[in-house]
Protein chains: 2
Amino acid sequence: MKVKTRDRILSASLALFNELGEPNVTTLLISDELDISPGNLYYHFRSKGDIVGELFGHYREAMDDLLAIPDDVEVSLDQLGFFLHLLFETLERYRFLYHDLVNILTRYPELKTPFRRILKRKEAGFHTLCRSLSRQNMMSLDDPGVEALCQQLTLTVCYWESYDSLRDLGNRNGVDPGRGVYQVLYLLMPHLPGPVRDELELIARDYQ
Amino acid sequence: MKVKTRDRILSASLALFNELGEPNVTTLLISDELDISPGNLYYHFRSKGDIVGELFGHYREAMDDLLAIPDDVEVSLDQLGFFLHLLFETLERYRFLYHDLVNILTRYPELKTPFRRILKRKEAGFHTLCRSLSRQNMMSLDDPGVEALCQQLTLTVCYWESYDSLRDLGNRNGVDPGRGVYQVLYLLMPHLPGPVRDELELIARDYQ
DNA sequence: GTCTATACGCCGATAGAC
DNA sequence: GTCTATCGGCGTATAGAC
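As the structure is a prediction and not an experimental result, all values here were calculated from the model.

Asker: Quick question: what am I supposed to make of the overall build of chain A here?
Answerer: A count of helical and extended segments in chain A gives 11 helices and zero strands. The N-to-C order of helical and strand elements in chain A reads α-α-α-α-α-α-α-α-α-α-α. Taking the principal axes of the C-alpha coordinates as reference, chain A spans close to 60 × 35 × 35 Å. Every one of the 208 residues in chain A was classed for burial, and the buried ones make up 35%. Of the contacts made within chain A by residues no fewer than 6 positions apart, 68% connect residues no fewer than 24 positions apart.

Asker: Help me understand the interface of chain A and chain B, please; the structure alone is not making it clear to me.
Answerer: When the parts of a complex come together, some accessible area is lost, and that lost area is often used as the size of the interface. Contacts between the two partners involve 30 residues from chain A, matched on the other side by 31 residues from chain B. Among the elements of the structure, helix H7 (101–107), helix H8 (112–135), helix H9 (143–168) and helix H10 (177–188) of chain A are those that each provide at least two residues to the side of chain A that touches chain B. At 12 residues, H9 of chain A tops the list of elements feeding residues into the side of chain A that touches chain B.

Asker: For this particular structure, what's the right way to read the protein's contact with DNA strand D?
Answerer: Around DNA strand D there are 17 residues in total, and Ser 37, Gly 39 and Asn 40 of chain A together with Thr 26 and Tyr 42 of chain B lie nearest to it. When contributions to the surface near DNA strand D are tallied by element, the ones reaching two or more residues are helix H3 (38–44) of chain A together with helix H2 (27–34), helix H3 (38–44) and helix H4 (48–66) of chain B. For the surface near DNA strand D, the element with the most residues is H3 of chain A, which contributes four residues. Classifying every residue of the surface near DNA strand D by side-chain character gives six nonpolar, nine polar and two charged.

Asker: When you look at the relation of the copies chain A and chain B in this model, what are you seeing that I'm missing?
Answerer: Laying chain A over chain B is done by rotating through 180 degrees and shifting 0.0 Å along the axis; what remains is an RMSD of 0.0 Å. Overall, the copies show the geometry of a two-fold rotation axis. Considering only C-alpha atoms, the part of chain A nearest the rotation axis is Asp 100 of chain A, at 2.0 Å. Interface residue correspondence from chain A to chain B reaches 100%, placing this contact among same-surface, isologous pairings.

Asker: What is the right way to look at the domain arrangement of chain A in this model?
Answerer: Residues and elements named next belong to chain A. On domain assignment, one finds that chain A holds domain 1 (1–45) and domain 2 (52–207). Domain 1 and domain 2 are separated by 29 Å when their C-alpha centres are compared. Taken together, the contact between domain 1 and domain 2 spans eight residues of the former and nine residues of the latter. Residue composition of the side of domain 1 that touches domain 2, by class: four nonpolar, three polar and one charged.

Asker: Would you mind going over the protein's contact with DNA strand C with me for this structure?
Answerer: The environment of DNA strand C is formed by 17 residues, the closest being Thr 26 and Tyr 42 of chain A together with Ser 37, Gly 39 and Asn 40 of chain B. For the surface near DNA strand C, the elements supplying multiple residues, two or more each, are helix H2 (27–34), H3 and helix H4 (48–66) of chain A together with H3 of chain B. Here the surface near DNA strand C takes four residues from H3 of chain B, the largest share from any one element. Its residues assigned to classes, the surface near DNA strand C comprises six nonpolar, nine polar and two charged.

Asker: So what exactly am I meant to see when it comes to H4 of chain B here?
Answerer: Within an α-helix, residues lying three or four positions from one another point in the same direction, as the helix has 3.6 residues per turn. All names here are of chain B. With 19 residues, H4 extends 28 Å from end C-alpha to end C-alpha; this agrees with the ideal 27 Å at 1.5 Å per step. Burial in H4 covers these residues: Ile 51, Val 52, Leu 55, Phe 56, Tyr 59 and Met 63. Looking down the long axis of H4, one finds its buried residues gathered within 130 degrees of arc, a one-sided arrangement. Among the exposed residues of H4, those oriented more than 90 degrees off its buried face are Gly 57, Glu 61, Asp 64 and Asp 65. In this fold, the buried residues of H4 make contact with helix H1 (5–20), helix H5 (77–93), helix H6 (96–99) and helix H8 (112–135).

Asker: Mind showing me how you'd approach H10 of chain A here?
Answerer: In a regular helix each residue adds 1.5 Å, so 12 residues correspond to 16 Å; H10 of chain A covers 17 Å between its end C-alpha atoms and thus fits that length. Of all the 12 residues making up H10 of chain A, nine are buried; the element is thus mostly covered by neighbouring parts of the structure. Tucked inside the fold, the buried residues of H10 of chain A contact helix H5 (77–93), H9 and helix H11 (194–207) of chain A together with helix H9 (143–168) of chain B.

Asker: Please explain the packing of H9 of chain A against H10 of chain A as it appears in this structure.
Answerer: Any two packed helices are characterised by how steeply their axes cross, that is the angle between the axes, and by the distance between the axes. Residue and element names in this part refer to chain A. Two elements in contact, H9 and H10, have axes whose closest approach is 10 Å; the angle formed by their N-to-C orientations is 155 degrees. One finds that H9 runs roughly antiparallel with respect to H10. Judged by the sense of rotation from one axis to the other, the crossing of H9 with H10 is right-handed. Where H9 abuts H10, its residues Leu 149, Gln 152, Leu 153, Thr 156, Val 157, Trp 160, Glu 161 and Asp 164 lie against Arg 179, Gly 180, Gln 183, Val 184 and Leu 187.

Asker: Just checking my understanding: could you explain the nonpolar core for this structure?
Answerer: Side chains that are nonpolar tend, in soluble globular proteins, to be buried together. Within the largest apolar cluster, 106 residues are counted, with the highest numbers of intra-cluster contacts made by Val 157, Tyr 159 and Leu 185 of chain A together with Val 157, Tyr 159 and Leu 185 of chain B. If we ignore the near neighbours within four places in the chain, the residues touching Leu 185 of chain A are Gly 81, Leu 200, Ile 203, Ala 204 and Tyr 207 of chain A.

Asker: Looking at this structure, I do not really get the environment of Arg 131 of chain B. What am I missing?
Answerer: For Arg 131 of chain B, the position within the fold is in helix H8. As for Arg 131 of chain B and Asp 71 of chain B, which are separated by 60 residues in sequence, their C-alpha atoms are 8.6 Å apart.

Asker: Got a minute to help me understand the environment of Glu 147 of chain A in this structure?
Answerer: Along the polypeptide, Glu 147 of chain A turns up in helix H9. C-alpha of Glu 147 of chain A to C-alpha of His 127 of chain A: the two residues are 20 residues apart in sequence and 7.9 Å apart in space.

Asker: Before we go on, may I ask you to explain unusual backbone geometry in this structure?
Answerer: Negative phi is the rule for most residues except glycine; trans is the rule for most peptide bonds. All names here are of chain A. At Asp 35, a residue that is not glycine, the phi angle is positive and equals roughly 55 degrees. With respect to the element layout, Asp 35 can be found in the loop between H2 and H3. Residue Asp 35 is classed as exposed on the basis of its 6 C-beta neighbours within 10 Å.

About the thresholds
- Within every chain, residues take consecutive numbers counted from 1 along the sequence as written.
- The order in which chains are written sets their letters, starting at A; the order in which ligands are written sets their numbers, starting at 1.
- Confidence filtering applies because this is a predicted model: local features only for residues at pLDDT of at least 70, side-chain atom pairs given and counted only at 80 or more, and all residues used for totals across whole chains, interfaces and linings.
- A helix here means a DSSP run of H or I that spans at least four residues, while a strand means a run of E at least two residues long, and both kinds are numbered starting from the N terminus.
- Exposure criterion: with C-beta atoms placed from backbone coordinates, a residue whose C-beta has 20 or more other C-beta atoms within 10 Å is buried, one with 12 or fewer is exposed, and one in between is partly exposed.
- Contact definition: two residues whose C-beta atoms, as placed from backbone geometry, lie within 7 Å.
- For each residue, a C-beta atom is placed from the backbone, and the residue is labelled near a molecule or strand when this atom is within 6 Å of it.
- Under the scheme applied, nonpolar residues are Ala, Val, Leu, Ile, Met, Phe, Trp, Tyr, Cys and Pro; charged residues are Asp, Glu, Lys and Arg; polar residues are all the others, including Gly.
- Least-squares fitting of one copy onto the other uses the C-alpha atoms of those residues that reach a pLDDT of at least 70 in both copies.
- What fixes the domain bounds is an automatic or database domain assignment.
- One fewer than the residue count of a helix, multiplied by 1.5 Å, yields its expected span.
- It is the directions from the helix axis to the C-beta atoms that the arc portrays.
- Here an axis means a line fitted to C-alpha atoms, over the contact stretch when the element is a helix, while the angle between two N-to-C directions is reported on a 0 to 180 degree scale.
- Should an angle lie under 35 degrees it is considered roughly parallel, over 145 roughly antiparallel, and from 65 to 115 roughly perpendicular; all remaining angles are considered oblique.
- Note: crossing handedness is left-handed where the near helix turns anticlockwise from the far helix by less than a right angle, and right-handed where it turns clockwise.
- The nonpolar core criterion groups buried Ala, Val, Leu, Ile, Met, Phe, Trp, Tyr and Cys residues into a set whenever they are joined through C-beta atoms within 7 Å.

Take a look at the structure:
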């Protein structure tokens, strides 16, 4: 069965937003890309903001799914690496949001609050994971240390892709989410006891 | 003596860019803010891009000054804190650049290469500082560790303000660069030997 | 140096036929 | 559902008087 035009618009928009930046993508460019008329696009969406809003909704759902971490989870290092991999992959899929964040949030102010909420949820997720590691005696860190670490982890997952693509400017053929995972694992490493640290170092090597 | 109109345009533009985001600031808004005509603005600058370019030049100069770190420097922890403070202050002064980076770099592509060069210079600066600390036995870290740390430091100084203002959305009455310094010092802490670490913890407390 | 007035282009969005 | 045609608004930039 044929893919609905509405969905084609969404996926083409996402691709263009990520490639060129949302403010640089006109509704005409989207319809050209799909070989449909601009009028047709406005039959399926009332405004460009609706497209952005719907894509943002997908981002939000994906994040909510990923960050629904039970409080009593007993996470292994392998699972942690896998989790981070999924997290970076999802963030990369919607990277356009972070590329021009201030502009997007001022033009679509209704996204501000949900955006902030997702950020808080990321932080909370990392706190849960740190508590899990502590409970298993795989991490030792005082409260201010955990707080600083969780903020650092959140900052890094949010902006790693921006930083990494800025570093490479031009020679980008798709970003490797693995480098982000590697970077985050190195943030964790100093706080693990010796043997566990060696284990993590082996895992990190795979992601580099 | 009266301040030249040209300079008033530059400083008003900088303030507005930081407050509202560069793409949201029209040439009309800038001239309104200064109670001059839009035509007058275009007498002093050939285009809006020229204003952005000149402000970027100031940013570049400030960074180049800060990052001219001699290879054989023997940096103390106090000096390190002070350096970071200056660094964050400067980055905050030109924070609009990072708020909509992709948009700005696509509309003013001539900034791409210099921007990337400054990023590399930050990384190199942190490498120099890490070597200095190592030489003084105030830091012990293997090569991949230093590499990951320096990237982490660069990422953090560049994007801390964006992250921090996103976290607080709304309740912003000017950002406190101190929180950034605190965060970076906590990145360094785990890699310092015990006594030095305690000293750094005291310094960090002041910045929180 | 500074003003007023305006041209030009682009983009988001709508009207109405098919 | 899809098209063509077009409006209205806005932002950059220029022309030309003072």
